[in-house]
Structures are given as C-alpha cells and as structure tokens.
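Each chain is listed here by its residues.
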Amino acid sequence: DARGARGPAIGDTSDAMTSLFYPFRALGYVNEGVPFVEHRRGTEHFVTVSAGKAFQVYNCERLRLVLVGPQGDSDITALAVKGDLTFAAHGRDIVVCRRTHRVCVFGGHADTVTALFTFGPRLYSICAGGRVLGWDIGKDALDHLDGKRSSAAKRAADARASMADDGSGSSDSDSDESASDAMADETAFDEDQDLPRRDPDTGAHLPREYRMPEGFTPTCICHPDTYLNKVLIGATDGRVLLLNVNTGKHIYVFHPNNMLNPSGSAVTCLEQSPALDTVAVGLGNGRVVIQNVRLDRTVVDFTHDGSGRAIRSMSFTTGNQDPLIAVGSDAGSVSVWDLEKRRLRTIMPGTHDGAVTQAHFFLGQPVLMTGGADNALKQWIFDNADGTGRLLRFRAGHSAPPTRVEFYGEGLRILSAGDDRALRVFSTIQDQQSKELSQSHVERRAKKLGVAEQELKLPPIRGLAWCEVRERDWANVVTCHAGETRAYTWRLAHGVLGE
C-alpha cells in the first residue's frame, strides 16, 4: 500500500505531539552502517548518508552538510536517490521524500528492507524475507500520492470528462493528443512495459512482485549497462539472476561453479564495470570475481586482503584514469587492484574502524570516497608516485558511544569524550566546525608503525574540566583518563594536545 505520512510540525498541539521535547537534530552523526548514495545535481557531487532515523546530504567538495531529512519511526536500513527524490527504508516501510518534504510511504514488505535500487521509472526493493518489489516512481504516480496531478494527467482527465459529457466515444484531436501524452508520461520505459497497476479503491499505484527461482534468496542488485530493462540480482547461495523487469522473465542464471565459487559463498555486492558485459561480483568469503555476463566466463578473480571477511563494496575508476577497482570489506580495509596489470596496487589497512560499507570513485577523478560503520566519511586521492592513496578530507564523529558530554562556554559548542579514546568538539551552529582534538600525529605514527590508530591514542577519558578565559593564550581544557595517574591539557583554540 502507499499512504500519506506527514509527521507533526514543530509547535503542533495535536494529540500526535505529546512529548515535552521534540527532536531537532543529531550532532556527531555522520554516517551509520548503511551504504551511502553518491549523486550529481548539475556539476556538483552530493552524497546522501544515513544518520539514524534521518538522512543527511553532504556536498562532496568540502563535505559540508547541506540538508537534513525528516525523522523516521525507526533507523534507516537502505537508501536510494533519484533526482530530488530520496527513498529511505525504515524497517518494512519505504519513506519517499522530495528534498525535505515527506511525500508518502510505500508499505508492502513483511520483513526489513535491506536494499533499494532505482532504474528507469521504478524503485526496486529487496527485503530480508527474499521478496523483490518494483514501485512506480514516475511523476504522475508520486504526484497522485502527494495530492497533486501533473498538467498532462489533468488534461487527460478533462478529456475523459468531456467525452463522458458528450456521450460520444471520441473527442477532438487536442484531447486525444493530451490523453496520449499522459499515457506516455506514465509508461515511458519501453514499448513492451506492462501498464502500472492501481488500487481500485484509492487509485494508488501498487508494487509489482517478481518471482525468484526456487531456493533463491536475493541480497543485492545492479543494472548491467546497455542491457535494456534488465537487472542482475545476487543470492545467498552464490547464484546471480539476469531478470527482465518488464516481463518478469528469468533470462539466465549464473551458477557459482562458473564463477570460481564451488562452495556457493553468498553474493554480497554487484558492481558494473566501465567495460561492457563485465560485472564485478563480491562474495562472502572475501573474494572478488569479474565476470563476463554475455559469455558467462570469468575474466579475473582475486582475494581482497586474506582475512576471509565478506566484501561489502566495490568501485571502478572511469575516464582517463588508470583502470583500478577499489574493494572494501567487513575487515575495515580497502584494497586497490590494477586491472590492466592484474595485480594489487595498494592496500589500506584500518581505513575504517569497522566494516567499509561503501566505496565510490568519483567520475573521471582519482578520488575515492569511503563510508564505514565507524561513523565516518573519508575521501582518498591517489596521486602519490608509488600509486598509493592519501587522505584528502574526512568528516567523522565518535565511533563508540560518548561517555562524557558538556556544553562549552555559551552553549554554542559541546565537548564530548567517548570509548573510542577521542576528545571532540561539536558546533551546534555549523557542522563543518566540529572536529576531533589532535593527539600528536597519531595517524602518521600509526602508518609508520603499521598499527591501528586506536592503539596509539590516550586511554578513554573519565573526566574533564574547562575554562574559556583567555583560551587562545594557553591550554584551557584538562582531562583525566582510565588507568592514568597524570592529567592531560588541551588547547581548544588550536584543537591539539597541550604542551
């Protein structure tokens, strides 16, 4: 079903608003463990991320927060973006937003939605129970749910009303043309597309359910370029299905043995490569297989980092860049492979403190964006002479729950310490001013010693005190740490550990 879902506004005194405090915004929430979605508007790149019960949109050029979506009833489990529309799965429901305006809710799944994918005029959703649904997200369909109708739909309705009033089975040429335009607007995907189905009572567009092969539990989905009306769907048993989304026909099933996967390890992610007919298949055992889907033949395969942890994301470079593929896994590392030489270019251990949930190369640039379960977004640029990458910019919050939180000064900033051994300052006005206080080049020392940054940081903070008088002249924050007999001072104005 599709139902209206506008929440109560701030200041609403209706029965729906019973709490004393209304949620305003979350500070320090950068990216939860849900794959982000990169998209372009004009010449600018944006990234939509999950922040608990709401989504956030960052400008990729400076990782500046530009938009915060409405709060949902539960945490977001999957995201998709098309134009001004954002689709956020909250449990079994899919909330549709046009920028920050909540348009409607799609409800049809019996289990938690785990993946969303937009293709043509439809949104495809996969749930934990194995169902695959296709939702009409054409302009007329969403306008109908939002209480609006496009001009073409209005003209078609007026034409039908005119025909009924005249009692004749025909109308003038202008009305015929208008009705044809409206029908074309609703069904323009392919000449063989089935007509959108509607609820006879409400007129709302109903989802289409796709039948899967026996024993086939879907996990991920992608569209192979130039394959009209077709998608690839991976499964928990290692199979991959090529499905015609218009007819529902199973075109071909790729079996694990043909993808050097005799154990039938689960397909965890799929990614289209810049080369036609070639798709990367990520497996639950830490292997990546690049498969020619036209010939059902393996082009190349490799193991990510030897950890055997599941592959969660893959991305190819495009344009005039070296042909590379970046692979992220549950181990928190990213490996970059040279596809031309078929060898490892570099491996970046500890890219994130948790699983790397998404990796994405920007179009035509040697810049890789990664998101992890450690509440961080990072951009890496591959411009070193040896082919390795360096951290370009990042946005992060606490990767473990905060244990000490205090307002600083007049309340425009907040000091926060957590179990991730970090001391952070958050701005309540501008998100880009939030930062972690430096602990003397921890990243550089960790890279040199080959250890995780966490091992070189001070123990967790158990208490802190501050004074804002002449804060630019000397250290003005003092902290005590678990198991430490000494106290440490910090210069908040410079964002560093004190002398």
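Scroll up to find the structure.
Residues numbered from 1 in each chain as written. Predicted model: local features only at pLDDT ≥ 70, side-chain atom pairs only at ≥ 80, totals over all residues. Heavy atoms only, no water.

1. Description of the overall build of the protein chain
Here's step 1: Secondary structure summary: the protein chain contains 5 helices and 37 strands in total.
Here's step 2: When each of the 499 residues of the protein chain is scored for burial, the buried share is 50%.
Here's step 3: If you take every contact in the protein chain between residues at least 6 apart in sequence, the share linking residues at least 24 apart comes to 43%.
Here's step 4: As presented, the protein chain carries roughly 24,100 Å² of accessible surface, and 49% of it is formed by carbon and sulfur atoms. (Helix = DSSP H or I, 4+ residues; strand = E, 2+ residues; numbered from the N terminus. Buried < 20%, exposed > 50% of the residue type's maximum accessible area, 1.4 Å probe, protein only. Contact = heavy atoms within 4.5 Å. Areas by Shrake-Rupley, 256 points an atom, 1.4 Å probe, with all protein chains shown as cover.)

2. Description of the nonpolar core
Here's step 1: Judged by nonpolar contacts, the single largest core of 17 residues is most densely connected at F87, I94, V96, F106, L116, L123 and L142.
Here's step 2: With sequence-adjacent residues up to four places away left out, V96 is seen in contact with L85, T86, F87, H101, R102, V103, C104, F106 and L142.
Here's step 3: In terms of nonpolar packing, the next biggest core, distinct from the first, is built from 16 residues, F119, F216, V231 and I233 among them. (Core = buried A, V, L, I, M, F, W, Y, C linked by side-chain atoms within 4.5 Å.)

3. Describing the pairing of strand 16 (residues 240–244)
Here's step 1: Among the 5 residues of strand 16, 5 are classified as buried, and the element is accordingly described as predominantly covered.
Here's step 2: Going residue by residue along strand 16, you find V240, L242 and N244 tucked away on one face and L241 and L243 tucked away on the opposite face as well.
Here's step 3: Across 5 bridges, the pairing between strand 15 (residues 230–235) and strand 16 is antiparallel. Its bridge partner lying in strand 16, K230 is registered against N244.
Here's step 4: Here strand 15 folds back onto strand 16, and the loop between the two strands holds 4 residues, one of which, G238, carries a positive phi near 90°.
Here's step 5: Pairing of strand 16 with strand 17 (residues 250–254), which is carried by 4 bridges, proceeds in the antiparallel orientation. Each residue of the ladder has a partner; that of V240, found in strand 17, is F254.
Here's step 6: Between strand 16 and strand 17, which follow one another and run antiparallel, lie 5 residues, and G248 among them has a positive phi close to 80°. (Pairing = 2+ DSSP bridges.)

4. So, unusual backbone geometry
Here's step 1: Of note in the backbone geometry, D296 takes a positive phi value of approximately 55° without being a glycine.
Here's step 2: Considering the arrangement of structural elements, one finds D296 in the loop between strand 20 (287–292) and strand 21 (297–303).
Here's step 3: We note that N375 has phi near 65°; this positive angle belongs to a residue other than glycine.
Here's step 4: Structurally, the position occupied by N375 is in the loop between strand 27 (367–372) and strand 28 (376–381).
Here's step 5: For N375, a relative accessible area of 8% corresponds to the buried category.

5. Quick notes on the pairing of strand 14 (residues 218–222)
Here's step 1: Most of strand 14 sits inside the fold, with 4 of its 5 residues counted as buried.
Here's step 2: Strand direction decides the pairing type here: strand 14 and strand 15, joined by 4 bridges, are antiparallel. Pairing of P218 across the sheet is with A235, part of strand 15.

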